[in-house]
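If you want the building blocks of each chain, they are given just below.
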Amino acid sequence: MSTETDTKVIAEVRENFGKGFARRLRAAGKIPAVIYGHGTDPVHVALPGHQVALLVRRANVVLELEIAGAQQLTLVKDVQKDPVQQIIEHIDLLVVKKGEKVQVDVPVVVVGEPFAGTIVNLDNTTVSLEVEATHIPENVEVDVDGLEEGTHITAADLKLPRGAVLVTDRETLIVAISAPATAEADEIEAADEAVAEEQSEEAAE
C-alpha cells in the first residue's frame, strides 16, 4: 500500500490528449502529467491520483517513476489545480539525475518565540537554493527564539542545509521582529501615503 512518504509511482504512458480525455482520466482517479527535460521529447503520462495528491503536498518532491518497466527520477515543477474545487488538473515533471544540481524555491519555517511583546513578520515565505536533485530540503528553519524588536534576518543569515547554495539575493529580508504598536503604525503610515499619492494623481489629472 502506498504511503505519503513512498515516492515510487507507477506511471502509464498516454497517447490521447485534449481536455476531454484529461477529464476522463481525472474521473478515473488519475492525474494527467507531462515529463520533460534533458533535451528529450515530452512524455505524456497518467499518474495514480490519490497517491500523487498526497505526495505533492510537500514542496519539490522527487518522484521515482516506473514507466513501461523503465525507471525515471522526476522533480515536480508545477501543480495546476482547479481554482474553485482545488482538484489537481495537471502536473509538470522535470527529468533529474542523481547528483544533478537544481534550483528550487524552498519554504521558510519560523521556529521559536521572539521576546515577549513582539511579533514575527515573515517577509518572504520561500528562499531559492541550488541543491542536489535527490537531496532537496523540505524547508529552511529560521530560529527567532528570544529575538528582540528591530531584529532583521536576511537570506545571508539563514543556516542552509549541507551542500545547499543560496540563490536568493543575500540582502533579501526574510524575517523582521517588531512590536505590535510599531507594526500598526507602519500600516497606518503606508495607508496614509497611498491616499496622499492617489489624491496627488487626481489633482494632476
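Residues numbered from 1 in each chain as written. Predicted model: local features only at pLDDT ≥ 70, side-chain atom pairs only at ≥ 80, totals over all residues. Heavy atoms only, no water.

Novice: Help me out: how do you make sense of the nonpolar core in this one?
Specialist: Most often, soluble globular proteins have nonpolar side chains that are buried together. Residues Val102 and Val142 are the most contacted members of the largest nonpolar core, which totals 23 residues. Contributing elements (two or more residues each) for this core: strand E5 (70-81), strand E7 (101-111), strand E9 (126-132), strand E10 (140-143) and strand E13 (173-178). Of the residues forming this core, the biggest block, four residues, is contributed by E7. The residues contacting valine 142, other than those within four sequence positions of it, are Val108, Val109, Val110, Val111, Ile153, Leu158, Ile174 and Val175. Within the second largest apolar cluster, 19 residues are counted, among which are Leu55, Val56, Ile67 and Ile91. (Core = buried A, V, L, I, M, F, W, Y, C linked by side-chain atoms within 4.5 Å. Buried < 20%, exposed > 50% of the residue type's maximum accessible area, 1.4 Å probe, protein only. Helix = DSSP H or I, 4+ residues; strand = E, 2+ residues; numbered from the N terminus. Contact = heavy atoms within 4.5 Å.)

Novice: How should I be thinking about the pattern of salt bridges in this particular structure?
Specialist: Charged atoms that come close allow side chains of opposite charge to pair. Under the counting rule described, the total for this entry stands at one salt bridge. One salt bridge in this structure joins glutamate 12 and lysine 30, with 3.0 Å as the shortest N-O distance. Of the two residues, glutamate 12 sits in strand E1 (residues 8-13) while lysine 30 sits in strand E2 (residues 30-37), which places them 18 residues apart along the sequence. Judged by its relative accessible area of 26%, lysine 30 is partly exposed. (Salt bridge = Lys/Arg side-chain N within 4 Å of Asp/Glu carboxyl O.)

Novice: Mind showing me how you'd approach the environment of alanine 27 here?
Specialist: Within the secondary structure, alanine 27 is located in helix H1 (residues 19-27). Separated by 22 residues in the primary sequence, alanine 27 and glycine 49 place their C-alpha atoms 9.9 Å from one another.

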